[in-house]
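The lines below spell out each chain.
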Amino acid sequence: MIPDFLTDHEKELSDSFLKKKYVIVPAESMSSLHAIRKKIATTAADLLGKSIQDDKEIDSFLNNIHHHVSGKELNDIRVKIIVEMNREPWFRKAYYDVARVALSMLAGNELVMQRRINLSIQLPNDDSSLLPVHADVWAGDSPYEIVLWIPLVDCYETKSMFIANADVDEQIQAKFKQFQGKSTEDLFNTIEKDVEFLRVPYGSVLLFSQNVMHGNRINRENTTRWSMNCRFKNILTPYHGKKLCEFFEPITIRPLTRVGMSYKLPEDFYEE
Ligand SMILES: O=C(O)CCC(=O)C(=O)O
Ligand SMILES: [Fe+2]
């Protein structure tokens, strides 16, 4: 029998991910998560001419932002926040720190990270920034990517994103030709009974394979959703449309990989 090299915890996480193509785990660094949330909330407050006095107000400010901004104004504010947050030198490292152990267990310890972290804001009953059912791999992403999705408020039901049951997803993608010419809404209707809206409270994170169909619907809760997403992959896995150094930046490359990558065989080595 082949000996098992993984620890019990690694096995548990791996089995769960292989079965459902996602896991939800506690944040590994609450201080990094709080710092990220504070940066985003204070940037939003500044843009809206509001002020946040103490950390306790942040949760309520984010959940209730729809009292201060309309769907129309929202995208402009969202884009400005994305620029501001990605400009902070500490931000991407803090993002990674929120799930570094889980990422290494699921994707490896030599990782590249998407250069730009994305932010989604979904106001209650607003249809202006929806992401219909999709798999990112259909649009140029590599099947070797994992998405680290981090909520800034408690996410559940339609305030969260949905993901298809992994077995149903596989069956549908295998007979995808049948959906040619049909709308994404038709596709959603087909899988609706087999999707799960993920319950991810603030303080937990979601890691999922974007090969599986996922997306969001109109937020029917009475509070606003705030979440971030960012892709990671093992540096040595194949790339597709999203290229190394353009879209992805190496973050944890080990010395031996650098040594191997920069080694050049002596010239004419193979000639007699
Ligand atoms: O946040 C969502 O609702 C969807 C996110 C998504 O599609 C992604 O991160 O690939
Ligand atoms: Fe996606």
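Residues numbered from 1 in each chain as written. Chains lettered and ligands numbered in written order. Predicted model: local features only at pLDDT ≥ 70, side-chain atom pairs only at ≥ 80, totals over all residues. Heavy atoms only, no water.

1. A word on the environment of asparagine 229
Tracing the backbone shows asparagine 229 in strand β9 (residues 225–234). For the pair asparagine 229 and glycine 49, spaced 180 residues apart in sequence, the C-alpha separation works out to 26 Å. Within the structure, the side chain of asparagine 229 is placed 3.1 Å from the side chain of arginine 231, a separation counted as a polar contact. (Helix = DSSP H or I, 4+ residues; strand = E, 2+ residues; numbered from the N terminus. Polar contact = N/O pair within 3.5 Å; in protein donor to acceptor, adjacent residues only side chain to side chain.)

2. Digging into the packing of helix α2 (residues 30–47) against helix α3 (residues 56–63)
How two helices pack is summed up by the angle between their axes together with the distance between the axes. It is at 10 Å that the axes of α2 and α3 come closest, and there the two elements cross at 60°. Considering the angle they form, α2 stands oblique to α3. Seen along the crossing, α2 lies across α3 with a hand that is left-handed. Between α2, through Arg37, Lys38, Ala41, Ala44 and Ala45, and α3, the contact on the second element is made entirely by Ile58, Asp59, Phe61 and Leu62. When grouped by side-chain class, the residues that make up the contact of α2 with α3 number 6 nonpolar, no polar and 3 charged. (Axes fitted to C-alpha atoms, helices over the stretch in contact; angles between N-to-C directions. Parallel < 35°, antiparallel > 145°, perpendicular 65-115°, else oblique. Left-handed = near helix turned anticlockwise from the far one by under 90°. Contact = heavy atoms within 4.5 Å. Nonpolar A, V, L, I, M, F, W, Y, C, P; charged D, E, K, R; others polar.)

3. Quick look at the environment of arginine 217
With respect to the element layout, arginine 217 can be found in the loop between β8 (214–215) and β9. Residues arginine 217 and lysine 159, 58 residues apart in the sequence, show an inter-C-alpha distance of 8.2 Å. Every residue in contact with arginine 217, bar those within four places of it in the chain, is listed here: Leu130, Thr158, Phe162, Glu185, Phe188 and Phe197.

4. Brief notes about the site of ligand 1
Near ligand 1 there are 13 residues, and of these His134, Trp149, Asn216, Arg225 and Arg231 occur at the shortest range. Between histidine 134 and ligand 1, the recorded distance is 3.0 Å, taken from a side-chain N or O atom to an oxygen atom. A distance of 2.9 Å separates an oxygen atom of ligand 1 from a polar atom in the side chain of tryptophan 149. Look at ligand 1: alone it shows 290 Å² of surface, and the protein chains cover 98% of it. Put simply, the parts of the chain that give the shell around ligand 1 at least two residues each are β4 (146–151) and β9. Tallying contributions element by element places β9 first for the shell around ligand 1, with 3 residues. Here the shell around ligand 1 is composed, by residue class, of 5 nonpolar, 5 polar and 3 charged. (Near = heavy atom within 4 Å. Areas by Shrake-Rupley, 256 points an atom, 1.4 Å probe, with all protein chains shown as cover.)

5. What about helix α1 (residues 8–20)?
Because the α-helix completes a turn every 3.6 residues, residues three or four places apart line up on one side. End to end, α1 covers 18 Å across 13 residues, agreeing with the expected 18 Å (1.5 Å per residue, within 8%). Those residues of α1 not exposed but buried are Leu13, Ser14 and Phe17. Viewed along the axis of α1, the buried residues span an arc of 100°, placing them on a single side of the element. Away from its buried face by more than 90 degrees, α1 exposes Asp8, Glu12 and Lys19. (Expected span 1.5 Å × (residues − 1). Buried < 20%, exposed > 50% of the residue type's maximum accessible area, 1.4 Å probe, protein only. Arc of directions from axis to C-beta.)

Any functional reading would require information beyond the geometric quantities listed.
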